[in-house]
Amino acid sequence: DRLLRRGGAWVANHPKRDLITRRYLAHDRGLQSDALERLALLEDRPSGADPVDEPADEDEIADVAESAVEDPISLNEQRMAAVVAEVQRGSHRSVVDLGCGEGRLLGRLLRETGAERVVGIDVSHRSLAIAARRRHLDTMAPRQRDRIELRQGGLTYVDPALRGFDVACLVEVIEHIEPWRLDAVEHVVFAEAQPGRVVVTTPNIEHNVRFAGMDPGRLRHADHRFEWSRAEFATWCEAVADRHGYAVTYAAIGDDDPEVGPPTQMAVFAR
């Protein structure tokens, strides 16, 4: 029902309809054939979709599959709330969202914090265009518009513009990066940018067995290069903190299962 409600005729007429449907319903194969039959009835109807909202590649299609897993427990909402609460705990006049995507966190930072400067960085021009549209930057009041900036950039290249922020956020970002490139990200964020605090969230692979239809070791998203256990995440965090003069604390996001831990793990680095 959610697939038809959100995708409707757009999915029905998409050349990758079967792929989208299979990935969206990967947790329950029994629903796939039923969904495809219902979508077939919608073929050749106009979708009315705005091109900026249409998935352009398999990475974005995979986002749909990940949402299907996490939506039932409102994990993204819990994640956003936890990150915003952490940003609010200390000095947060300037906040940068590294890997901001389509701007979900940016909107909440503008609404729920007193940050005077909120910057979103992403490698995808298309994601930034969606973020600008969804935040209504073209019609935003001047005082609000002065608070937010969107910039295209990667996390493996030094950018002097990233220096001096009170808080940097990497929300569900590191797992999309090849492990061998994490040293470059560490250098850019912790050695060069040196924000006062860094908030990092990432999936806990141990918890995946609690999601319907997910086998042990299976990743939640087709673009994830890895997903860490709690011990693996802590090992990385402690080493980064030690190398760059930060202290690190941890928090659970979502139900903290006594056996496999929470679905999302969060680390907060403080200089």
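See the structure above.
Now for a description of the structure that goes with this document.

Conventions we followed
- Residues numbered from 1 in each chain as written.
- Predicted model: local features only at pLDDT ≥ 70, side-chain atom pairs only at ≥ 80, totals over all residues.
- Heavy atoms only, no water.
- Helix = DSSP H or I, 4+ residues; strand = E, 2+ residues; numbered from the N terminus.
- Buried < 20%, exposed > 50% of the residue type's maximum accessible area, 1.4 Å probe, protein only.
- Areas by Shrake-Rupley, 256 points an atom, 1.4 Å probe, with all protein chains shown as cover.
- Pairing = 2+ DSSP bridges.
- Axes fitted to C-alpha atoms, helices over the stretch in contact; angles between N-to-C directions.
- Contact = heavy atoms within 4.5 Å.
- Phe/Tyr/Trp six-rings, centres within 6.5 Å; stacked < 30°, edge-to-face > 60°.

## What to know about the overall build of the protein chain
Secondary structure assignment for the protein chain yields eleven helices and seven strands. Evaluated residue by residue, the protein chain yields a buried proportion of 48% over its 271 residues. When the accessible surface of the protein chain is split by element, carbon and sulfur atoms take 48% of a total near 13300 Å².

## Observations regarding the sheet that holds strand β3 (residues 148–152)
What the seven strands build is an open sheet, ordered β3-β2-β1-β4-β5-β7-β6; its pairing is mixed. Strands at the two margins of the open sheet, each flanked by one partner only, are β3 and β6 (247–253). Neighbour-to-neighbour, the strand axes of this sheet turn through a mean angle of 15°, independent of strand direction. Across the sheet, helix α7 (residues 104–112) is in contact with β1 (94–98), β2 (117–122), β3 and β4 (167–171); its angle to β2 comes to roughly 180°.

## Section: the packing of aromatic side chains
Evaluated as defined, the whole model comprises eight aromatic pairs. Measuring from ring centre to ring centre gives 4.6 Å for Phe226 and Trp228, while their planes differ by 35°; the resulting arrangement is tilted. With a centroid separation of 6.3 Å and 35° between ring planes, the pair formed by Trp228 and Phe233 is classed as tilted. The rings of Phe190, Phe226, Trp228, Phe233, Trp236, Tyr246, Tyr250 and Phe269 are connected pair by pair, giving a single aromatic cluster.

So far we have only geometry, and geometry alone does not tell us how the molecule works.
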